[in-house]
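Reading the structure
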Amino acid sequence: MDPSKHESDQKKAAKTMEKKPTEEFQFVVYNTMTQQKEVFKPKIPGKVCMYVCGVTAYDFSHLGHARAATAFDVLYRYLIHLGYEVTYVRNFTDVDDKIIHRANETGEDPLSLSDRYCKEYNIDMADLLCLSPTHEPRVSDHIEQIKDMIAQIINKGFGYVVDGDVFFSVDKFPNYGKLSGQKLENNRAGERVAVDSRKRNPSDFALWKAAKPGEPYWDSPWGHGRPGWHIECSAMSAHHLSFKFDIHGGGLDLIFPHHENEIAQSCAACEESDVSYWMHNGHVTNNNEKMSKSLGNFFTIRQITERYHPLALRYFLINAHYRSPLSYSIAQLEGASEAVFYIYQTLKDCQDALSQLQEESPKDGKSARTTPDTKECISKLCSEFQAKMSDDLNTSLILTGAFLEALKLVNNLMTMLKKKQQKQQRLLEVQSLIEVEKEVKKVLDVLGLQPPYSYAEVLLQLKEKALTRAGLVEDDVVRLINERAEVRRNKDFLKSDQMRAYLQAKGIGLMDVGTETIWRPCIPVQQEAEIVPPEEQRVPAETA
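Bear in mind the structure is a predicted one, so any value in this text is a computation, not a measurement. (Residues numbered from 1 in each chain as written. Predicted model: local features only at pLDDT ≥ 70, side-chain atom pairs only at ≥ 80, totals over all residues. Heavy atoms only, no water.)

A closer look at helix α14 (residues 455–470)
Here is the rule: Runs of E in the DSSP output that reach at least two residues are strands. Runs of H or I that reach at least four are helices, and both are numbered from the N terminus. To estimate the expected span of a helix, subtract one from its residue number and multiply by 1.5 Å. Note on exposure labels: buried denotes an accessible area under 20% of the residue type's maximum, exposed denotes more than 50%, and partly exposed covers the range between, all computed with a 1.4 Å probe on protein chains only.
For α14, with 16 residues, the first-to-last C-alpha span of 23 Å sits near the 22 Å given by 1.5 Å per residue. For α14, the set of buried residues is Tyr455, Val458, Leu459, Leu462, Lys465, Ala466, Leu467, Arg469 and Ala470. Residue Gly471 follows α14 closely and has a positive phi angle near 70 degrees.

Structure (structure tokens):
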């Protein structure tokens, strides 16, 4: 879909979620710094400032990036839902060794290559219905701020210059390791920490790198060069949010050394530097094995969304607690696809029913009464959703339980409305349907699962993805349905069942409704082989 249209629609969605901050319950988050859950209290009442480390843009983004983006998008949406004015900053690293290496391989300008993958990343985010952050700063646009911070660090005795390179002296910062609990000797080479005999301590890390032939560079007081990895986030977060802000987020792998180094740099530049809450999302595993470059088991977002709807992928990503490991498997994605199809089919049926019942809706502007079952269902849905979300965004199985009971009630009410009954009872059921649908949509809004396009479009797209996975086209299914109808007329029910089973094994479910047979996606009885990433897509972009 058009990213600009998505942007406009999602901003409208964000506004519809807003309400005044409430004191009815306490929102608690897990703080990596203290290793415990804490009641969330922003530095400025009613306002929240959050910074999340984004991607190093040199390739298509992978499933791990999707998880981080989705986890913090849910946080962003929930804070808006609670009534906070949120300034959300997520950076792009567009100056980095890996970008330069890839550009040299392809013969491209490094900044042009990075710009292209930044745009591709935003297309993926639009597909996943992630709201655009308030600011998306790039390293190349903040070189002056980075140089200023490095100068401050040097002037305060925390940095030193060697042959045009600038290093941070970890020995000068006694609290180094307070976030991760790691010791200095664990700041391993090979994780963007180079082995260099010129360093005073092997754990010292680069703030500024002297220019090398064929690399992009900028002028600086220390000579031509470019920023180190860690300094960029310290400088950009300070520029857009100040040295004091509420939330700093990123993947679990960034705790050490990246976020540890950020703390050291920021505190060295400004003694009053302070982040209230450090939040980190867990790893994605592939069939219970951690995804890694060496195993070649990474999957790009595009690889997944070629076969599964982006909303099914988003459902899969939020169906586990953001701090827990998330196990990727075809079975999990099939289950997510089945779940979202049921959700949107129910809401489409509800929408169609209500459009036919407009004349029976209350006309006086006042809310009519609802059935006792509806009141109980809505109360349970709201309290369960509030309890889970306020407990460190516990989205694990959040769309089961009371949420599924609400969808079941929607279907029951629609069935009741097809029967003849007294006008007052009918009005009661119409209003009940309106109210429960409204609450279901609120939940989906906060979770980022309320599409900005029609339910009919989503359902059609889900069916198209199911056909792709099955290796079929619509005409194939229609032909088999017609052949099966002829077989049933001949009372060959064994063959009829075999034809149904054949399609079900491919993820195509047949439903006999009266004299008509319709189809919908289903979970295949026999799972297909796992997606194998193309050789050229095995190396993912990295978080920064």
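Following the structure, the description resumes.
Quick notes on the pattern of salt bridges
Short version of the rule: Any carboxyl oxygen of Asp or Glu within 4 Å of a side-chain nitrogen of Lys or Arg constitutes a salt bridge here.
Enumeration over the complete set of coordinates arrives at 32 salt bridges. Two residues, Asp391 and Lys37, come together in a salt bridge whose shortest N-O distance is 2.7 Å. Here the residue Asp391 occupies a position in the loop between α11 (372–390) and α12 (402–417), and Lys37 occupies one in strand β2 (residues 36–39), the gap between them amounting to 354 residues. Across the pair Arg489 and Glu486 runs a salt bridge whose closest N-O atoms are separated by 2.8 Å. You can see Arg489 and its partner Glu486 sitting in helix α15 (residues 474–489), three residues apart, about one turn around the helix. The class of Arg489 is exposed, set by a relative accessible area of 57%.

What to know about the environment of Leu503
How we decide: It only takes one pair of heavy atoms within 4.5 Å for two residues to be counted as in contact.
Position of Leu503 among the secondary structure elements: in helix α16 (residues 493–505). Along the sequence, Leu503 and Val525 sit 22 residues apart, while their C-alpha atoms lie 9.5 Å from each other. The residues touching Leu503, leaving out its near neighbours within four places in the chain, are Leu472, Leu480, Ile508 and Leu510.

So, the sheet that holds strand β6 (residues 159–162)
We count it as follows: For two strands to pair, DSSP has to find at least two bridges joining them. Axes here mean lines fitted to C-alpha atoms, for a helix over just the part in contact, with angles spanning 0 to 180 degrees between N-to-C directions.
Read from one edge to the other, the open sheet built from four strands follows the order β6-β7-β8-β9, with strand pairing classed as antiparallel. Each edge of the open sheet carries a strand with a single partner, namely β6 and β9 (225–227). With strand direction ignored, the average angle separating the axes of adjacent strands in the sheet is 20 degrees. Bridge analysis of strand β8 (residues 205–210) against β9 gives three bridges, and the strand direction is antiparallel. When the bridges of β9 are listed, Lys209 appears paired with Arg226. Sheet strands touched by helix α5 (residues 143–155): β6, β7 (165–168), β8 and β9. Its angle to β8, the strand with the most contacts, is close to 120 degrees.

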